[in-house]
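Observations on chain architecture
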Amino acid sequence: MAYSWFKALHIIGVVVWFAGLFYLVRLFIYHVEAQTQPEPAQSILKAQYGLMEKRLYNIITTPGMVLTVAMAVGLLILERSLLRDWWLHLKLTLVVLLLAYHFYCGRLLHQLEKGTCTWTSGQLRAFNEAPTVLLFVIVLLAVFKNNFPLGVTTWAVVGLVLAMAAAIQLYARKRRLEREMAGQP
């Protein structure tokens, strides 16, 4: 019964964590774009986005991460035999990358707060796609385990990355054309 509780809470933590990560970087994008607004809108927007980012990171995203990791540790304590499986080692490696992403978001949050962030909104849009790729592969590993369809998955991930890159480029082009039509630089 404990295993089921750990697993359920682990899944809930993953959902909360990813929801926070997806929205957090979106807020960073808006924060950076607010710098192009005239005053007083710029100051108001930057202050509001800063507040929203801080609350999201500290109240939702980080607790989701902690719950995810704590429940994963509980699962591994109850099922130590899983540590012998190659798929789990790959999954844990991807989770370490996700943890690095999470903490780098915290760093970006502080840079935005101090006004020292040098990322553009386009760069942040691309950065925002990283957890999508990680989520895709992590979930597939968790579901398929030792029967992971490596060939199909590899092509699916490559396709996903290319589709996201194309979508980012198309969206950037659309925004650029809209600005040109409006007579803005």
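These figures come from a predicted structure and were not determined experimentally. (Residues numbered from 1 in each chain as written. Predicted model: local features only at pLDDT ≥ 70, side-chain atom pairs only at ≥ 80, totals over all residues. Heavy atoms only, no water.)

1. Thoughts on the overall build of the protein chain
How we decide: Secondary structure is summarised from DSSP: a helix means a run of H or I of at least four residues, a strand means a run of E of at least two, and numbering begins at the N terminus for each. For every residue, the accessible area (1.4 Å probe, protein chains only) is compared with the maximum for its type, and the residue is labelled buried under 20%, exposed over 50%, or partly exposed between those bounds. The criterion used for residue contact is that any of the two residues' heavy atoms lie within 4.5 Å. Using a 1.4 Å probe, the Shrake-Rupley method yields the accessible areas, and only the shown protein chains count as cover for residues. Under the counting rule used here, the positive set is Lys and Arg, the negative set is Asp and Glu, and His together with the chain ends is not counted. Here the site of a charge means atom NZ of a Lys, CZ of an Arg, CG of an Asp or CD of a Glu.
Helix and strand counts for the protein chain come out as six helices and zero strands. Listed N to C, the secondary structure of the protein chain is α-α-α-α-α-α in terms of helices and strands. Burial analysis of the protein chain (185 residues in total) assigns 34% to the buried set. At a minimum sequence separation of 6, the contacts of the protein chain that also span at least 24 residues come to 79%. For the protein chain, the computed accessible surface area is about 11100 Å², with 69% contributed by carbon and sulfur atoms. When the 17 positive and 9 negative side-chain charges of the protein chain are each reduced to one mean point, those points stand 4 Å apart.

2. Describing helix α5 (residues 130-144)
Basically, it comes down to this: One less than the residue count of a helix, multiplied by 1.5 Å, gives the span that helix is expected to have.
Over its 15 residues, α5 extends 21 Å from the first C-alpha to the last, a length consistent with the 21 Å expected when each residue adds 1.5 Å. Within α5 the residues assigned to the buried category are P131, V133, L134, V137, I138, L140 and L141. Against the buried residues of α5 lie α1 (2-34), α3 (86-114), α4 (121-127) and α6 (150-181).

3. Some words on α3
Counted at 1.5 Å a residue, the expected span for α3 with its 29 residues is 42 Å, and the 43 Å between its end C-alpha atoms agrees. At the C-terminal side of α3, G115 shows a positive phi close to 80°.

4. Comments concerning the environment of L94
Among the secondary structure elements, L94 is positioned in helix α3. C-alpha separation for the pair L94 and L135, spaced 41 residues apart in sequence, amounts to 8.9 Å. Discounting chain neighbours no more than four positions away, the residues touching L94 are L134, V137, I138 and L141.

5. With respect to the pattern of salt bridges
Here is the rule we go by: In the sections that follow, a salt bridge refers to a side-chain nitrogen of Lys or Arg positioned within 4 Å of a carboxyl oxygen of Asp or Glu.
If you walk through the whole model with that rule in mind, you get three salt bridges. Its salt-bridge partner being E178, residue K174 comes within 2.9 Å of it at the nearest N-O pair. Linking K174 with E178, this pair stays in helix α6, spanning four residues, or about one helical turn. Look at K174 and you get partly exposed, because its relative accessible area is 45%.

6. Brief notes about the nonpolar core
The condition that has to hold: In these notes, a set of buried Ala, Val, Leu, Ile, Met, Phe, Trp, Tyr and Cys residues joined through side-chain atoms within 4.5 Å is what counts as a nonpolar core.
Formed by 38 residues in total, the largest nonpolar core has its most connected members in L24, V25, F28, C105, L124 and F127. Counting residues per element, the ones that place at least two in this core are α1, α2 (41-78), α3, α4, α5 and α6. Apart from residues lying up to four places away in sequence, L24 is in contact with E53, L56, Y57, C105 and L109.

7. Focus on the packing of α5 against α6
What counts is decided by this rule: Between N-to-C directions, angles span 0 to 180 degrees; the directions come from axes that are lines fitted to C-alpha atoms, helices contributing only their stretch in contact. Comment on the angle field: the value is read as roughly parallel under 35 degrees, roughly antiparallel over 145, roughly perpendicular from 65 to 115, and oblique elsewhere. Here a crossing is taken to be left-handed if its near helix is turned anticlockwise relative to the far helix by less than a right angle, and right-handed if that turn runs clockwise. The classification used treats Ala, Val, Leu, Ile, Met, Phe, Trp, Tyr, Cys and Pro as nonpolar, Asp, Glu, Lys and Arg as charged, and all other residues, Gly among them, as polar.
Closest axis-to-axis distance for the α5/α6 pair is 10 Å, and the angle between their directions is 160°. By the criterion of interaxial angle, the relationship of α5 to α6 is roughly antiparallel. Viewed along their axes, α5 and α6 form a crossing whose handedness is right-handed. In this structure, α5 uses T132, V133, F136, V137 and L140 to contact α6, whose residues at the interface are T153, A156, V157, L160, V161 and M164. Residues that form the contact of α5 with α6 fall into these classes: nine nonpolar, two polar and no charged.

8. A few points about the side chain of K91
Along the chain, K91 turns up in helix α3. Nearest to the buried, unbridged K91 among oppositely charged side chains is D85, at 11 Å. If near-sequence neighbours (up to four positions away) are discounted, K91 is found in contact with H10, I138, L141 and A142.

9. Some thoughts on the packing of α3 against α5
Packed helices, taken two at a time, are described by their axes: the angle between them and the distance between them. Contact geometry of α3 with α5 gives a least axis separation of 10 Å together with a crossing angle of 160°. On the basis of the axis angle, α3 is roughly antiparallel to α5. Seen from above, α3 lies across α5 with left-handed handedness. From α3, W86, W87, L90, K91, L94, V95, L97, L98 and Y101 reach across to α5, where they touch A130, P131, L134, V137, I138, L141 and A142.

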